[in-house]
Amino acid sequence: MTKVFTRSLLLYFNKIVRSLRPFVHAQPPPPPAGERQPDNIIMWPSDELTAPDTTDGGVTVCKVEGGLLMSPSTFPYFMLVALEAGGLLRGLLLLLMYPALRLLGHDRAIKVMAVVSFVGVRKDGFRLGGAVMPKLFLEDVSADVFEAATSAVLRRRRRRCVCVSAMPREMVEPFLKEYLGVDAVVAPELRAFGGYYLGLTESDGEEMYVATKSARRRWRPLRPRRYAKPLIFHDGRTAFRPTASATLAMFMWLPLGAPLAVLRTAVFLLLTFSLSVPLLAALGMHSRRIVGSSSSLSSAAAHSLFVCNHRSLVDPLYVSAATGRADLAAATYSISRLSEILAPIRTFRLTRDRATDRAAMQAHLPPRHPGASGGVGGLVVCPEGTTCREPFLLRFSPLFTELGADVQPVAMHSAVSMFHGTTAGGRKLLDPLYLLMNPTPAYVVQLLDPVAVRGGGPELANEVQRRIAEALGYTCTVLTRRDKYLALTGNAVAATNKMS
């Protein structure tokens, strides 16, 4: 009975929306008869996505929403700003306004969403446009429009590509210029007072006509290798595209997700790995161990130095569980005190002083010679020094090659569906909570063949990085944690004080 009533209510609501929309949503007027665009300006996208054959310089103008982006809806982008810059309450307010926004029409809805998402947000601290928004935008770029517009630009070097958007410049300009190579962006500016955004925009008065809905259905997403700049670093807690339905599902999940995170934490702390791993799998935390060769598993029991790429703060726990070694210790940088308390294995902090860190790491490894000083058990090291969410590996610090122990490489791949458990600019205290609140977080742990120490140094570190990258299908880079924090926070000092 309840399902029938709910279905009837939704059908009635949709009927009301369809009946009211013609009165409040004005369609764009057709261009006046006889009016013609200048010869040196090409408007993109049109229904026919054939690159024009131009022989002189000029401008290619491309509309962002409904044109360059496959989805004409701008709601997910403003919701991302509301959640990341304003918090859950601001996001909930925007979600509750969604039915009314559908009735306002595109331009009016954008102005309302800008007020809700930006009012009271500090201008100096707003870095979502370059650190968070590009990933969401790039996943929605139409490959057809991008390739057609690019071919029109490349056919004549003097031709410039200009993108026009009704969204605030602070949201779209970093993505368009850094990752798509756009020459200029025409978009409204956000007004500010006293260093805080007012949520009001100053429009440029630009008008464009976009492709029809039938044309957009044939578009395909742009593949990452076509980006003008690879997407390696991005921040923010939101790991999904925050459409209205997906955001509603998130708020419905939170009352269950928070207690579930506490229960998962209790299982981690109170039970041994032999009991906690199957129980956590029943609670939605999936993990899989892949053994590279028949000798990899036996070598994992014999070796004491495990080197893995860094995906989240629980990497050492999964290494310990996959190898069945509860005697391992984790070398970390500045994780929160709460994470240290909750860790079921030993952890110790690195100081970024080479001699001190080498001695601390050596103290947690078994002695190499009888009578020599050393610890009992083994050590897990993440030489990248910070996490990377995308399929790239940052430069491996060669410090682990100076410990004199053979290396057991471990390739880690993780996937989350709702929240990221890492942050560059947020509160690290909440990292464990966000990670464990995911409905079904997944980890794949690959035990690779050991690597013998051959004098150590950068060459050995590069070899271990290459082997892990090949096992995962990732790309090696020479970027460091300093590059990450410069890109995401704009502050090089943060690279020394904050690690993900």
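Just so it is clear, the structure is predicted and the values come from calculations on it, not from any experiment. (Residues numbered from 1 in each chain as written. Predicted model: local features only at pLDDT ≥ 70, side-chain atom pairs only at ≥ 80, totals over all residues. Heavy atoms only, no water.)

This part is about the overall build of the protein. Scanning the protein from terminus to terminus reveals 21 helices and 15 strands. Of all 500 residues assigned to the protein, the portion counted as buried reaches 47%. By sequence separation, contacts in the protein at least 24 residues apart represent 72% of the contacts at least 6 residues apart. In the form shown here, the protein has an accessible surface area of approximately 24,300 Å², with 59% of it arising from carbon and sulfur atoms. (Helix = DSSP H or I, 4+ residues; strand = E, 2+ residues; numbered from the N terminus. Buried < 20%, exposed > 50% of the residue type's maximum accessible area, 1.4 Å probe, protein only. Contact = heavy atoms within 4.5 Å. Areas by Shrake-Rupley, 256 points an atom, 1.4 Å probe, with all protein chains shown as cover.)

On to the UniProt feature "transmembrane region" (unreviewed entry) in the protein. In this structure's numbering, the residues bearing the UniProt feature "transmembrane region" (unreviewed entry) are residues 262-283. In the segment residues 262-283, helix accounts for 86% and strand for 0%; the C-alpha atoms at its two ends are 12 Å apart. (UniProt positions renumbered as here; feature names shortened; annotations may be inferred.)

Moving on, we get to helix 20 (residues 481-489). For helix 20, every residue scored as buried is listed here: Lys484, Tyr485 and Leu488. Down the axis of helix 20, the buried side of the element spans an arc of 90°, and every buried residue falls inside it. Of the residues one or two after helix 20, Gly490 is the one with positive phi, at around 70°. (Arc of directions from axis to C-beta.)

Evaluated as defined, the whole model comprises zero disulfides. Cys62 takes part in no disulfide bond, and the closest cysteine sulfur to it belongs to Cys163, at a distance of 4.6 Å. In this structure Cys62 comes out as buried when scored by relative accessible area, which is 2%. Left unpaired, Cys161 is separated from the closest cysteine sulfur, that of Cys163, by 4.8 Å. (Disulfide = S-S within 2.5 Å.)

What follows covers a nonpolar patch on the surface. A surface patch of nonpolar side chains, amounting to about 460 Å² of accessible area, comprises Leu269, Leu270, Leu271, Leu275 and Leu279. Secondary-structure elements contributing two or more residues to the nonpolar patch are helix 12 (244-270) and helix 13 (273-282). Of note, Leu279 is situated in helix 13. (Patch = residues over 30% accessible without salt bridge, like charges linked within 9 Å, V, L, I, M, F, W, Y side chains within 5 Å. Salt bridge = Lys/Arg side-chain N within 4 Å of Asp/Glu carboxyl O.)

Across the five residues that make up strand 9 (residues 328-332), a large majority, five, are buried. Every second residue of strand 9 is oriented toward a common face, with Leu328, Ala330 and Thr332 on one face and Ala329 and Ala331 on the other, all of them buried. Here three bridges tie strand 9 to strand 11 (residues 378-381), and the two strands are oriented parallel to one another. Paired with Ala329 across the strands is Leu379, a residue of strand 11. As paired elements, strand 9 and strand 10 (residues 346-349) share four bridges and run parallel to each other. (Pairing = 2+ DSSP bridges.)

Our next topic: the pairing of strand 5 (residues 189-193). Relative to strand 6 (residues 196-202), strand 5 runs antiparallel, the two sharing four bridges. Bridging across to strand 6, Phe193 finds its partner in Tyr196. What sits between the antiparallel neighbours strand 5 and strand 6 is a turn of two residues, in which Gly194 has the positive phi angle 65°.

Right, let's get into the packing of aromatic side chains. Note on aromatic pairs: each is described by the distance of the centres and the angle between the planes. Applying the stated criterion across every chain, the model contains eight aromatic pairs. Note on Tyr77 and Phe137: the rings are 4.3 Å apart at their centroids and 15° apart in plane angle, and the pair reads as stacked. Within this pair, whereas Tyr77 is found in helix 3 (residues 75-86), its partner Phe137 is found in helix 8 (residues 133-138), the two being separated by 60 residues in sequence. For Tyr77, a relative accessible area of 0% gives the class buried. Relative accessible area serves as the criterion here: at 0%, Phe137 is assigned to the buried category. Judged by centre distance (5.3 Å) and plane angle (55°), the rings of Phe118 and Phe126 are tilted. We note that Phe118, like Phe126, is buried. The structure contains a cluster of three or more aromatic residues connected by ring pairs, namely Tyr77, Phe137 and Phe175. Directly above the aromatic system of Tyr179 lies the positively charged group of Lys229, at a separation of 5.2 Å from the ring centroid. (Phe/Tyr/Trp six-rings, centres within 6.5 Å; stacked < 30°, edge-to-face > 60°. Lys NZ or Arg CZ within 6 Å of the ring centre and 35° of its normal.)

Quick look at empty space enclosed by the protein now. For the coordinates displayed, the defined rule picks out three cavities of 30 Å³ or more. As for the largest cavity, its lining consists of 34 residues, and the residues nearest its centre are Leu313, Val314, Pro316, Thr332 and Ile335. If you list the elements that add at least two residues to the lining of the largest cavity, you get helix 12, helix 15 (315-323), strand 9, helix 16 (337-342) and helix 18 (431-436). Looking at the lining of the largest cavity, its residues break down into 24 nonpolar, ten polar and no charged. (1 Å grid on protein atoms, 1.4 Å probe; cavity = no way out; pocket = protein on both sides within 12 Å on 5 of 7 lines; lining within 4 Å. Points joined across faces, edges and corners; volume = space filled by probe spheres on them. Nonpolar A, V, L, I, M, F, W, Y, C, P; charged D, E, K, R; others polar.)

What the second largest pocket holds in volume is close to 790 Å³. Elements that contribute at least two residues to the lining of the second largest pocket include exactly helix 3, helix 7 (128-131) and helix 20. With four residues, the single largest contributor to the lining of the second largest pocket is helix 3. When grouped by side-chain class, the residues that make up the lining of the second largest pocket number 14 nonpolar, ten polar and six charged. Summarising the domain contributions, the lining of the second largest pocket has at least three residues from each of domain 1 (59-201) and domain 2 (245-489). (Domains from an automatic or database assignment.)

Within a sheet, each strand pairs with its neighbour through backbone hydrogen bonds, oriented either parallel or antiparallel. Spatially, 7-14-13-8-11-9-10 is the arrangement adopted by the seven strands of the open sheet, whose pairing is mixed. A strand with exactly one partner marks an edge of an open sheet, and here the two such strands are strand 7 (286-291) and strand 10. Each strand axis lies, on average, 25° off the axis of its neighbour in the sheet, ignoring direction. Examined bridge by bridge, strand 8 (residues 305-308) and strand 13 (residues 407-415) share four bridges and lie parallel to one another. Paired with Phe306 across the two strands is Gln408, which belongs to strand 13. Against the sheet, helix 19 (residues 458-472) engages strand 8, strand 13 and strand 14 (442-447), with an angle of about 40° to strand 13. (Axes fitted to C-alpha atoms, helices over the stretch in contact; angles between N-to-C directions.)

Compared with an ideal rise of 1.5 Å per residue, which puts twelve residues at 16 Å, helix 3 spans 15 Å between its outermost C-alpha atoms and is within 8% of the ideal. The element helix 3 is extensively covered by neighbouring structure, given that nine of its twelve residues are classed as buried. Listing the buried residues of helix 3 in full gives Phe75, Pro76, Tyr77, Phe78, Met79, Leu80, Val81, Ala82 and Leu83. Once helix 3 ends, the next one or two residues include Gly87, with phi positive near 100°. (Expected span 1.5 Å × (residues − 1).)

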